[in-house]
Structure formats: structure tokens, C-alpha cells
Amino acid sequence: MTDAAARIARVRLARSVPRLLVLPGILLLAGAGVATFGALASPMPAGWILVAAGAVVALVGLGWATRLLSVRLEVEEAAIRVRWIGGGHRYVLSPGAVTRVRLRGEDASRLRTRTRLLGWDLGRGRLRDEEDVHVVRLAPTPTAILVPTRDGRLAIAAAEESELLDALAQAARARQRTAAEAAVAPPAETEPEPEPMEAPPEAAVQQPLPPEPEPRFMTGIERALYERRLAEALEAATAAAMAPADAAPAAVQPGGPAAVTAAAVAAAPPDAVPTRRRSVPRPSIRRPSAATAIVLLPLLAAGAVWGVALTGDRLPAAETDLGRLTSLALVLAGPASAVGAIVARVWWPRLTGAVVVAGLAATILVGRALLG
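Residues numbered from 1 in each chain as written. Predicted model: local features only at pLDDT ≥ 70, side-chain atom pairs only at ≥ 80, totals over all residues. Heavy atoms only, no water.

1. A few points about the sheet that holds strand E1 (residues 7-11)
Strand order across the open sheet formed by four strands is E1-E2-E3-E4, with antiparallel pairing between neighbours. Edge positions in the sheet fall to E1 and strand E4 (87-92), since each of these pairs with one other strand and no more. Strand-to-strand twist of the sheet, defined as the mean angle between neighbouring strand axes without regard to direction, takes the value 20°. Strand direction decides the pairing type here: strand E2 (residues 72-76) and strand E3 (residues 79-84), joined by four bridges, are antiparallel. Looking at the pairing, Val75 lines up with Ile80 of E3. Contacts between helix H5 (residues 161-184) and the sheet are confined to E1, E2 and E3, with E1 contributing the most and set at about 170° to the helix. (Pairing = 2+ DSSP bridges. Helix = DSSP H or I, 4+ residues; strand = E, 2+ residues; numbered from the N terminus. Axes fitted to C-alpha atoms, helices over the stretch in contact; angles between N-to-C directions. Contact = heavy atoms within 4.5 Å.)

2. Some details on the pattern of salt bridges
A complete count under the given rule lists 13 salt bridges for this structure. Across the salt bridge formed by Glu76 and Arg81, the nearest N and O atoms sit 2.8 Å from each other. Each member of the pair, Glu76 as well as Arg81, carries the same accessibility label: buried. For Asp129, the salt bridge goes to Arg112, with nearest N and O atoms at 3.5 Å. (Salt bridge = Lys/Arg side-chain N within 4 Å of Asp/Glu carboxyl O. Buried < 20%, exposed > 50% of the residue type's maximum accessible area, 1.4 Å probe, protein only.)

3. Looking at the packing of aromatic side chains
Across all of its chains, the model carries zero aromatic pairs by this definition. Over the ring of Trp84 we find Arg67, and its NZ or CZ is 4.6 Å from the ring centre. (Phe/Tyr/Trp six-rings, centres within 6.5 Å; stacked < 30°, edge-to-face > 60°. Lys NZ or Arg CZ within 6 Å of the ring centre and 35° of its normal.)

4. A few points about the confidence of the model for the chain
Per-residue confidence for the chain averages 76 on the pLDDT scale, and 74% of its residues sit at or above 70. Taken element by element, the chain is modelled with least confidence in helix H8 (residues 248-252), mean pLDDT 42, and with most confidence in strand E10 (residues 154-156), mean pLDDT 93. Segment residues 202-207: pLDDT under 50, and zero contacts once partners within four positions in sequence are set aside and those in other chains are kept. (pLDDT = per-residue confidence, 0-100.)

5. Overview of the packing of helix H11 (residues 297-311) against helix H12 (residues 321-347)
Where H11 meets H12, the closest approach of the two axes is 7 Å, and the angle between their N-to-C directions is 155°. Taken together, the axes of H11 and H12 lie roughly antiparallel to each other. Taken as a pair, H11 and H12 cross one another with a handedness that is left-handed. Here Pro298, Leu299, Ala302, Val305 and Trp306 of H11 lie close against H12, whose contacting residues are Leu330, Ala333, Gly334, Pro335, Ser337 and Ala338. Its residues assigned to classes, the contact of H11 with H12 comprises nine nonpolar, two polar and no charged. (Parallel < 35°, antiparallel > 145°, perpendicular 65-115°, else oblique. Left-handed = near helix turned anticlockwise from the far one by under 90°. Nonpolar A, V, L, I, M, F, W, Y, C, P; charged D, E, K, R; others polar.)

6. Considering the nonpolar core
Grouped together as the largest cluster of nonpolar side chains are 28 residues, with contacts concentrated most on Leu73, Val75, Ile80, Ile156 and Leu164. Elements supplying a minimum of two residues to this core: E2, E3, strand E9 (143-147), E10, H5 and helix H7 (220-241). A total of five residues in this core trace back to one element, the largest contributor, which is H5. Residues in contact with Val75, not counting those within four places in the same chain, are Arg7, Ile8, Ala9, Val11, Leu164, Ala167, Leu168 and Ala171. (Core = buried A, V, L, I, M, F, W, Y, C linked by side-chain atoms within 4.5 Å.)

7. A few points about the packing of H12 against helix H13 (residues 352-371)
Between H12 and H13, the shortest axis-to-axis distance is 8 Å and the interhelical angle comes to 170°. Classified by the angle between their axes, H12 and H13 sit roughly antiparallel to one another. When H12 is examined against H13, the residues Thr326, Ala329, Leu330, Ala333, Ser337, Gly340, Ala341, Ala344 and Arg345 are found in contact with a partner set consisting of Thr352, Val355, Val356, Gly359, Ala362, Thr363, Val366 and Leu370. When its residues are assigned to classes, the contact of H12 with H13 shows 10 nonpolar, six polar and one charged.

Structure, rendered in C-alpha cells:
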């Protein structure tokens, strides 16, 4: 069976793009700053070494950002596959209960991973300091779904948990159909049985009885979906019973259309109950707010001071100590302050203004020293 045939659905993951890009952004800005410092303020060939090192650091940050933004999760008939550009991992499903764990708020379980300080988790982790799990959580969601696999339970933070549960239920039904088809399929090659020399007439016409079908038990996911559909049918019947007077006779009469529909929905098996079609939200493009654009002010101010000083021939020679210190001061006041403002915006929003003001003040001092 090919991967395309075995794939059940692709589940959207919850993502926090600012948190995902904090560390790659720091690496990109740091690499750009080191490369700029090496090209402008360092003598050759040491400057070329700094330029190469800065380019390597920037490429590492770009690769990291590409990997985090390309993570996707696919549910197959017998496995869950986590993919990203350049790699991935396949988790084979195993029998067990699918549960939900609370990771934030009251009675939250502790989940320890190597990247928990960045606000996202991808890889191995430890749940409640007693169980090793695998985690796919790209945003600080309050809950996660634990799915049993051969490598251990897999904690998944999906954008819509109902999508993940529906996909797992479809995979379970597909496995049951495959097992049933394999059980009733005839063998490929069978050797002919030798005919008995003498057989009584009764044995000649007696046919073996077919095996009794094994009772089918619903999994935990199917039971949860079945109960949810029964609750929706009950709510619909209750709403029809509380309708206005003009619609009440047809809705509350015994044996009426509403009663027949509710009884049919309640008596139907889980596979026969139609599910509601979800509306796909349209992506909205929003303009960056002032609070988001303010983090770039130190970088723009440092670039303006550098451009004015370069145009007016006010920059000291790059080979001198004064030139190196000036370039370092502009890098710290501009790109470094912008990185600090981005980090403060993600983790400590109240300190964003203080970081931006400090960067602008440093840029003003450097500009006054250069331009007089």
C-alpha cells in the first residue's frame, strides 16, 4: 500500500509564529551583524573570516526557521507521520486509549522538554516526571491529545482537536475493514485435499458451518464521537420542542417528523450518523500594528545614522580602533536592540518600550559623536 493510499487526513497544528521565529531571528540578526562588522570594521583577511562566520550563523537561523514553519502532521491507516522540509518521523499506532492532558491552568500536568523556554516543543519530553513521551506542540496550547504509539505516547497540539479525533477514528475503522477483508479472503494457493476412499452419504453432503462473526467493540474514539452525536441530536430535539407555537404541533406530536428524526439519529450506528460540514475560515491579512513596528525603530535609526555619516564622510577609518568601536556601537544600538525588543515583545511585552528607548538613546549618542 502506498503512502497516498494509506493517508487518512492531514491535521492542522496549532502554531505561534512569533515564538517559532524568536531563536531563528536572533541567529539571523546576529549573523548579519557579525558579517557587517567583518566587512566594514575588520582588516583583511580577518574580516573575511568574520563575514564567512556570520553567513554560516545566518544560514543556520534560516534553516531552523524553515524547519519549524514546515512541520505538518498526517494520519495514516496504521501510523502518524510528522514531516518537515528535510526530514520527518513515523510513529506506528498501538492499541490503547486516546486521552487529553491539560498543560496550562489549574491542575496542569508538567511537561519538560529541551525547548520549553521558547514556547514550543518538538521531539522528546517527559510528562509529570514519570513518563517519556514524544511531543509535537508548536504553540502554548492549554491541552494536548496523547496518542499511544510503539515509540511511546505522542502528545499532539492540534489547531482543532476534533479534526485529530475524527482522523484517528477513520484510521481505526480503516484498520478494522482491512482486518475483516483479510479474515474472509480465501488463501492464495491451497493444495487439493485427498478424496476419502470410502465416505458415508451423510459426509458427502455435509458442509462446514461458517465461523460466527466476532462481536465488534467500539474504540474509545468511536464511543466519544457516538456520544457527542447523540448529545447533538438531543439538543436538536430539545430546541424543536421549545420552538414557537406555530411550529410546535409538527415538532412535538408523537410520531411527528422531529420525533422520527431524533429517534432515527439515536438508533443509527456511528457510521450512519452524518457529520456536520465544517466551514473553512478564510485567511485574513492584517496590517502590522504600531506595537509590532516599534521594535524596528532602533534598527532604522542606526541605519539612518550610518548612512548620514557615510554620506558626509564622518565615519572613521575601518582599520583604526575608533572605526571598530564605532561600528560595534552602531551594531549594538541598532540590530542588537531590535533583537532585544523582539524578545521582549514575545516574553515581556511591558519591557518592549524600555528596550526600544534604550536603543534609540544609544543611537542618538553615537550619532552626536559622529555628526557633532
